[in-house]
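Okay, here's what each chain looks like letter by letter:
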Amino acid sequence: FFIYGNRVMGNLDSIADFNNIPHINLEKDWWNPRATSAYNVGGKQLAVAGNYTLSYLSSAGCFIYNKRIADELKTENMYDLVRNGNWTVDKFFEIARKGTRDLDGNGKYDENDQFGIISESAKAFYDSMIIGSDIHYLERDSDGYPAFTLKTNEKGISFFQKLVSVMKADPYMYFDDSKDINTATNTIKFENGSGLFMRTRTNYISNYRNMKDDFGILPIPKYDEKQERYITNCGVGEIAVLPRSYDESRLDNVGILLEAMAFRSQQTVVPTYKEVLLQTKFTRDEDSGEMIDMIFNGIAFDLAIVAYEGTFTGPVMSNIFIPREDVVVSTFESISNTFDSDLASLKAAVADMP
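This report concerns the structure included in the present document. Small disclaimer: the values here were computed from a predicted structure and weren't measured.

## As for the packing of helix α5 (residues 89-98) against helix α7 (residues 154-169)
At a closest axis distance of 12 Å, the pairing of α5 and α7 adopts a crossing angle of 10°. Considering the angle they form, α5 stands roughly parallel to α7. Side by side, α5 and α7 meet where V89, D90, F93 and R97 of the first sit next to F159, K162, L163, V166 and M167 of the second. Of the residues that constitute the contact of α5 with α7, the class distribution is six nonpolar, no polar and three charged.

The following block contains the structure:
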């Protein structure tokens, strides 16, 4: 059965351990283990991200960039930056600053001007920067349960503070006047040439097919050049669970079928989706196809984002990033108290899961 990822925790009393199904190897690529492993809690598999669904692949986060603006700014070749491992957060902000211009010279920034960064929402942008830098709200403790490690993670705390500092120093580099974590401004349009970078997702690229300016596709930037790979956050979309009403006598057949579906989808459906739809119909250069491969190969979930948004992302966006205030430590302390209650409920529900 498929449900949205953020509804898994609220339906644990209807879900069984997916590990009950034989013949499935969740460490194989066709089960997207970096995503699926986020739903392994206390040794039980709450949900899986098999490649027989394109839901989470199509919501993979990425950036697109306006080639006309990049040429005018004489930026470095974006694709070479990615290939050489130099596409980092610092390089991203360095280039984005140059893309912010008061085009009409009136001292105000609005729909008549140009911005370094725009996004479909504050949540999408900041979550991308965090996960792309290999920073996670939740990791797993020795018993396999989620632990809010970010509250004591010096790298993570420093990075959150850095994002606030960068945004306060250049308040119009990233433009968002909506003051809402899920909705971006309606006045600034990437398709109108108003932004250098646009944080979007792969299935939204189709919105820009008729755009006058050429654009390219890029993965989320890395924390620094030492980071080995580009990491992609995504909206989890529909994810598969095993209902408790399953027929035990059918488990052999179910396992064989699901493993075959996920494997064959990896071999046929996913390449077709990438090569025919994304790389041929939606993109405008051959390099973008290589970038899409990197984006898909880096998909990862953070359980806090895909299952506990109200506890984590909501307070972080509302208290820290939208007002651009360095209240990182106090916000993390508040989150920790809330999550203690969430975790107690989760442990009880997982213990009762068949």
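More follows now that the structure is in view.
## What about the sheet that holds strand β10 (residues 215-218)?
Read from one edge to the other, the open sheet built from four strands follows the order β6-β9-β5-β10, with strand pairing classed as mixed. Two strands close off the open sheet at either side, each with one partner strand: β6 (115-119) and β10. Across the sheet, the mean angle from the axis of one strand to that of its neighbour is 25°, orientation sign disregarded. Sheet analysis places strand β5 (residues 61-66) next to β10, joined by four bridges and oriented antiparallel. By the bridge assignment for β10, Y65 is matched with G216. Along the sheet, helix α9 (residues 286-297) makes contact with β5 and β10, crossing β10 at roughly 25°.

## What about the environment of T53?
With respect to the element layout, T53 can be found in the loop between β4 (44-45) and α2 (55-58). The sequence separation of T53 and T311 amounts to 258 residues, and the corresponding C-alpha distance is 27 Å. Setting aside residues no more than four positions away along its own chain, T53 makes contact with F2 and E238.

## Thoughts on the pattern of salt bridges
Applying the stated criterion to the full structure yields 13 salt bridges. D287 serves as the salt-bridge partner of R83, at 2.3 Å between the closest nitrogen and oxygen. With a gap of 204 residues between them, R83 in helix α4 (residues 78-83) and D287 in helix α9 connect regions that are remote in the sequence. The partly exposed category is assigned to R83, whose relative accessible area is 33%. A salt bridge links K91 to E94, with the shortest nitrogen-to-oxygen separation between them at 3.4 Å. Within this pair, K91 and its partner E94 are both found in helix α5, separated by three residues, close to a single helical turn.

## Examining the pairing of strand β9 (residues 195-201)
Burial within β9 is extensive, with six of its seven residues counted as buried. The pairing of β5 with β9 spans five bridges and is classified as antiparallel. Across the sheet, residue I64 finds its bridge partner in β9, namely M198. Examined bridge by bridge, β6 and β9 share four bridges and lie parallel to one another. From the neighbouring strand, I118 faces β9, where its bridge partner is M198.

## Remarks on the packing of aromatic side chains
Across all of its chains, the model carries 28 aromatic pairs by this definition. Ring centres of F63 and F197 lie 6.4 Å apart, and the angle between their planes is 75°; on these two criteria the pair is classed as edge-to-face. Residue F63 is located in strand β5, and its partner F197 is located in strand β9; the two are separated by 134 residues in the primary sequence. F63 sits in the buried class, given a relative accessible area of 0%. Owing to a relative accessible area of 0%, F197 belongs among the buried residues under this scheme. Taking 5.7 Å as the distance between ring centres and 80° as the angle between the ring planes, the aromatic pair formed by Y308 and F339 counts as edge-to-face. Here F339 lies in helix α12 (residues 328-351) and Y308 lies in the loop between α10 (303-307) and α11 (313-321), a separation of 31 residues in the sequence. Each member of the pair, Y308 as well as F339, is classed as buried. Directly above the ring of Y223 sits K155, whose terminal nitrogen or CZ lies 4.3 Å from the centroid.

## Overview of helix α6 (residues 122-132)
Judged by how many residues are buried, α6 sits mostly within the fold: eleven of eleven residues are covered. All of the buried residues along α6 are A122, K123, A124, F125, Y126, D127, S128, M129, I130, I131 and G132. Phi turns positive, to about 60°, at D134, one or two residues after α6.

Cut-offs applied
Residues numbered from 1 in each chain as written. Predicted model: local features only at pLDDT ≥ 70, side-chain atom pairs only at ≥ 80, totals over all residues. Heavy atoms only, no water. Axes fitted to C-alpha atoms, helices over the stretch in contact; angles between N-to-C directions. Helix = DSSP H or I, 4+ residues; strand = E, 2+ residues; numbered from the N terminus. Parallel < 35°, antiparallel > 145°, perpendicular 65-115°, else oblique. Contact = heavy atoms within 4.5 Å. Nonpolar A, V, L, I, M, F, W, Y, C, P; charged D, E, K, R; others polar. Pairing = 2+ DSSP bridges. Salt bridge = Lys/Arg side-chain N within 4 Å of Asp/Glu carboxyl O. Buried < 20%, exposed > 50% of the residue type's maximum accessible area, 1.4 Å probe, protein only. Phe/Tyr/Trp six-rings, centres within 6.5 Å; stacked < 30°, edge-to-face > 60°. Lys NZ or Arg CZ within 6 Å of the ring centre and 35° of its normal.

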